[in-house]
Amino acid sequence: MNGLDPLGKIDQICDRFESDWLAGQQPRLEDYLGDSLEPFRSELLKELLVSERELTTKHDRRHETVVRPDPRPAWRDQSPTDPTTSGHPYFSTSEAIPSHIGDFHIIREIGRGGMGIVYEAEQSSLGRRVALKVLPGHLLSDDRVRQRFEREARAAGKLHHTNIVPVFAVGTAGGQPFFAMQYIAGRNLEKFSADSETVAGMGLQIANALEHAHRQGIVHRDIKPSNLLLDESGTVWVTDFGLAQVADQQNLTQTGDILGTIRYMPPEAFEGKTDATGDIYSLGLTLYEMVAGGPAYEGKDRNQLVKQVTTAEPPRLGKRVPSVLKDFATIIHKAIDRDPRRRYRTAGEFAADLQRFLADEPIHARRMTSAERLQRWSRRNRGVASSLGVI
């Protein structure tokens, strides 16, 4: 392989990926990126994404009598037994898949999420492929769920940004609300891991998208790997605004509601406090996970996870991944600070520091000193600190 030119190397790696996929090994893209450097790494990732998409499409066509959710898109099943999810109604999986909804021919189901079922569909009048999100029939009588569904369509429809999945159409067919979005051929970022620079590049795209949404008065409130899509060109897309808070609309959240995915929720959200810094925190945790190869908080049940998120801090990224670049770790830990006042004030500031890191320029975030970490630990553990004579 050392004698091959870059294109030959890419072809050889893609061939190995396809062979492993066809052998039923369920290969992960990141395992084939290895230690490759830019710009080779980006080109290799694009080709691997194309290969994965083609293999999945061929498999679906050969098994078209079997309807199964695609595990890669953002809209995944969130059942009441999932300890990391809160605020989502339970969806029945027994509903028949329709052949048409209004002007849309249904191709397959690609997922179920907090506020609906998503199908891959073709808009007959325009001949274009879309992701069609519908509200299931058994939830049509729930006014609050219906309002949330309609709010998601309006929120996403207000946003026009390179890294936000656009809404093409909103309507009702046979009494069933729906909205059509751009179909993103690719995968979500669940279980995706990579090096500091690759993750920082993805984080930069997402932070810029969030800055745009926040400037429009929209807070996402559910940023996590499964709500971020990576397409075949390497572009990352933010999707699923089902829990979004919109500045100019009535708040549908009731006192005591806990909305979002617990593992990625900021601590203050458990007290009913949500603003743009919560999205910054959730994005920071997502980037932490992508570099660490696992979640920042690893609680196995709901109660344990809630306790970790509300009282503990994730391990220093440099200890989890000794090879992580220090400036990148500093940026991440500023974004996921438990105190919202210590985080980046805006997603734009977060993006700017990621851009400085990628350009090899001095970042604005600074590393916390050992004395500062001890002081903050003492405030959280006053009894133990007092007994040790720390305070």
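Everything here concerns the structure above.
None of these values were measured; they are calculated from a predicted model. (Residues numbered from 1 in each chain as written. Predicted model: local features only at pLDDT ≥ 70, side-chain atom pairs only at ≥ 80, totals over all residues. Heavy atoms only, no water.)

1. Details of the nonpolar core
So, point 1. Core analysis: the largest hydrophobic core is formed by 72 residues, its most contacted members being Leu48, Phe241, Leu317, Phe328 and Phe350.
So, point 2. Beyond its immediate stretch of four places on either side in the chain, phenylalanine 328 contacts Ser196, Val199, Ala200, Leu287, Val291, Leu317, Leu354 and Phe357. (Core = buried A, V, L, I, M, F, W, Y, C linked by side-chain atoms within 4.5 Å. Buried < 20%, exposed > 50% of the residue type's maximum accessible area, 1.4 Å probe, protein only. Contact = heavy atoms within 4.5 Å.)

2. Description of the sheet that holds strand β11 (residues 236-238)
So, point 1. Overall, antiparallel pairing links the three strands, which are arranged β8-β10-β11 in an open sheet. The open sheet has two edge strands, β8 (186-188) and β11, and neither has a second partner. Between one strand axis and the next, the sheet turns by 30° as a mean value, whatever way the strands run. (Pairing = 2+ DSSP bridges. Helix = DSSP H or I, 4+ residues; strand = E, 2+ residues; numbered from the N terminus. Axes fitted to C-alpha atoms, helices over the stretch in contact; angles between N-to-C directions.)

3. Comments concerning the packing of helix α9 (residues 326-335) against helix α10 (residues 347-358)
So, point 1. Put simply, α9 and α10 touch, their axes get as near as 10 Å, and they point 175° apart. Relative to α10, the element α9 is oriented roughly antiparallel. In contact with Asp327, Phe328, Ile331 and Ala335 of α9, α10 contributes Phe350, Asp353, Leu354 and Phe357.
So, point 2. Here the residues of the contact of α9 with α10 are counted per class, giving six nonpolar, no polar and two charged. (Parallel < 35°, antiparallel > 145°, perpendicular 65-115°, else oblique. Nonpolar A, V, L, I, M, F, W, Y, C, P; charged D, E, K, R; others polar.)

4. Section: unusual backbone geometry
So, point 1. Positioned with a positive phi, lysine 191 is a non-glycine residue whose angle comes to about 60°.
So, point 2. Here lysine 191 lies in the loop between β8 and α5 (196-215).
So, point 3. Of note, aspartate 240 is a non-glycine position whose phi angle comes to about 60°, a positive value.
So, point 4. With respect to the element layout, aspartate 240 can be found in the loop between β11 and β12 (245-246).

5. Some points on the environment of alanine 194
So, point 1. Take alanine 194: it is sitting in the loop between β8 and α5.
So, point 2. Residue alanine 194 is classed as buried on the basis of its relative accessible area of 13%.
So, point 3. Along the backbone, alanine 194 and glycine 293 are 99 residues apart, and their C-alpha atoms lie at a distance of 8.0 Å.
So, point 4. Those residues within four positions of alanine 194 in sequence are excluded, and the remaining contacts are Arg41, Val199, Met290 and Val291.

6. With respect to the pattern of salt bridges
So, point 1. Within this structure, the stated rule accounts for 16 salt bridges.
So, point 2. Across the pair glutamate 122 and arginine 129 runs a salt bridge, and its minimum N-O distance is 4.0 Å.
So, point 3. By relative accessible area, which is 31% here, glutamate 122 ends up partly exposed.
So, point 4. Two residues, glutamate 349 and arginine 345, come together in a salt bridge whose shortest N-O distance is 2.8 Å.
So, point 5. Take glutamate 349: its relative accessible area is 27%, and that puts it in the partly exposed class.
So, point 6. Connected through salt bridges with shared partners, the residues Arg108, Glu120, Glu122 and Arg129 form a single ionic network. (Salt bridge = Lys/Arg side-chain N within 4 Å of Asp/Glu carboxyl O.)

7. A few points about the pairing of strand β6 (residues 167-173)
So, point 1. Pairing of β6 with strand β7 (residues 176-182) involves six bridges; the strand directions are antiparallel. In the strand pairing of β7, glycine 171 is matched with phenylalanine 178.
So, point 2. Linking β6 to β7, which pair antiparallel, is a turn of two residues; within it glycine 174 sits at a positive phi near 60°.

8. A closer look at the side chain of histidine 333
So, point 1. As for its position among the elements, histidine 333 is in helix α9.
So, point 2. A distance of 3.5 Å separates a polar atom in the side chain of histidine 333 from a polar atom in the side chain of arginine 316.
So, point 3. Discounting chain neighbours no more than four positions away, the residues touching histidine 333 are Tyr288, Pro315, Arg316 and Leu317. (Polar contact = N/O pair within 3.5 Å; in protein donor to acceptor, adjacent residues only side chain to side chain.)

9. Overview of the environment of glutamate 120
So, point 1. Within the secondary structure, glutamate 120 is located in strand β4 (residues 116-123).
So, point 2. Counting along the chain gives 64 residues from glutamate 120 to isoleucine 184, while the straight-line C-alpha distance between them is 9.8 Å.
So, point 3. Apart from residues lying up to four places away in sequence, glutamate 120 is in contact with Arg53, His105, Ile106, Ile107, Arg108, Ile110, Arg129, Val130 and Tyr183.
So, point 4. A polar side-chain atom of glutamate 120 sits 2.6 Å from a polar atom in the side chain of arginine 108.
So, point 5. In terms of polar contacts, glutamate 120 uses its side chain to reach the side chain of tyrosine 183, at 3.5 Å.

10. Observations concerning helix α4 (residues 143-158)
So, point 1. Taking 1.5 Å of rise per residue, 16 residues should cover 22 Å, and α4 covers 23 Å from first to last C-alpha, within 8% of that figure.
So, point 2. Turning to α4, its buried residues number three or more, namely Val145, Arg148, Phe149, Arg151, Glu152, Ala153, Ala155 and Ala156.
So, point 3. If you check the start of α4, you find a side-chain oxygen 3.1 Å away from the backbone N of arginine 144, and it comes from aspartate 142. (Expected span 1.5 Å × (residues − 1).)

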